[in-house]
Amino acid sequence: MATVIAYGISAFIVGFGVGIFIAGLNSGAPAWWAWVALIPIAIGLLSAFGPK
């Protein structure tokens, strides 16, 4: 059960980053928001698939 919760949290973090990316595409500085979105995406992926 703890593994499912851990992967769920990681998926939420990645989803948050994707949401930032999509919202950033409609902003005045889409390239900057794309770079900002990479931070939570990288953290979420590292959390899910990184070293245990």
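Numbering of residues begins from 1 in every chain and follows the order in which that chain's sequence is written. Per-residue local features are limited, in this predicted model, to residues with pLDDT of at least 70; the limit for side-chain atom pairs, both in listing and counting, is 80 or more; totals at the level of whole chains, interfaces and linings are taken over all residues. The side-chain quantities take in all heavy atoms of the structure and omit both hydrogens and water.

Student: Teacher, can you tell me more about the overall build of the chain here?
Tutor: Counting its regular elements, the chain contains two helices and zero strands. Its C-alpha atoms give the chain a radius of gyration of 13 Å, more than 25% over the compact-globule value 10 Å for 52 residues. Overall size of the chain, expressed as C-alpha extent along the three principal axes, is 40 × 20 × 10 Å. Exposure classes here rest on a 1.4 Å probe applied to the protein chains alone. A residue is buried below 20% of its type maximum, exposed above 50%, and partly exposed in between. For the chain, buried positions account for 19% of its 52 residues. Secondary structure counts use DSSP, requiring at least four H or I residues in a row for a helix and at least two E residues in a row for a strand, with both numbered from the N terminus. The globule rule used here is 2.2 Å times the number of residues to the 0.38 power, and the radius of gyration it is set against is calculated over C-alpha atoms.

Student: Please explain a nonpolar patch on the surface as it appears in this structure.
Tutor: Surface patches are drawn from residues lacking salt bridges whose relative accessible area is over 30%; two like charges belong together within 9 Å, two nonpolar side chains (Val, Leu, Ile, Met, Phe, Trp, Tyr) within 5 Å. In this description, accessible areas are obtained by the Shrake-Rupley approach with a 1.4 Å probe, and a residue is regarded as covered only by the protein chains that are shown. By salt bridge we mean one thing: a side-chain nitrogen of Lys or Arg within 4 Å of a carboxyl oxygen of Asp or Glu. On the surface, Met 1, Val 4, Ile 5 and Ile 9 cluster together to form a nonpolar patch covering roughly 460 Å² of accessible area. Along the chain, Met 1 turns up in the segment before helix 1 (2-25).

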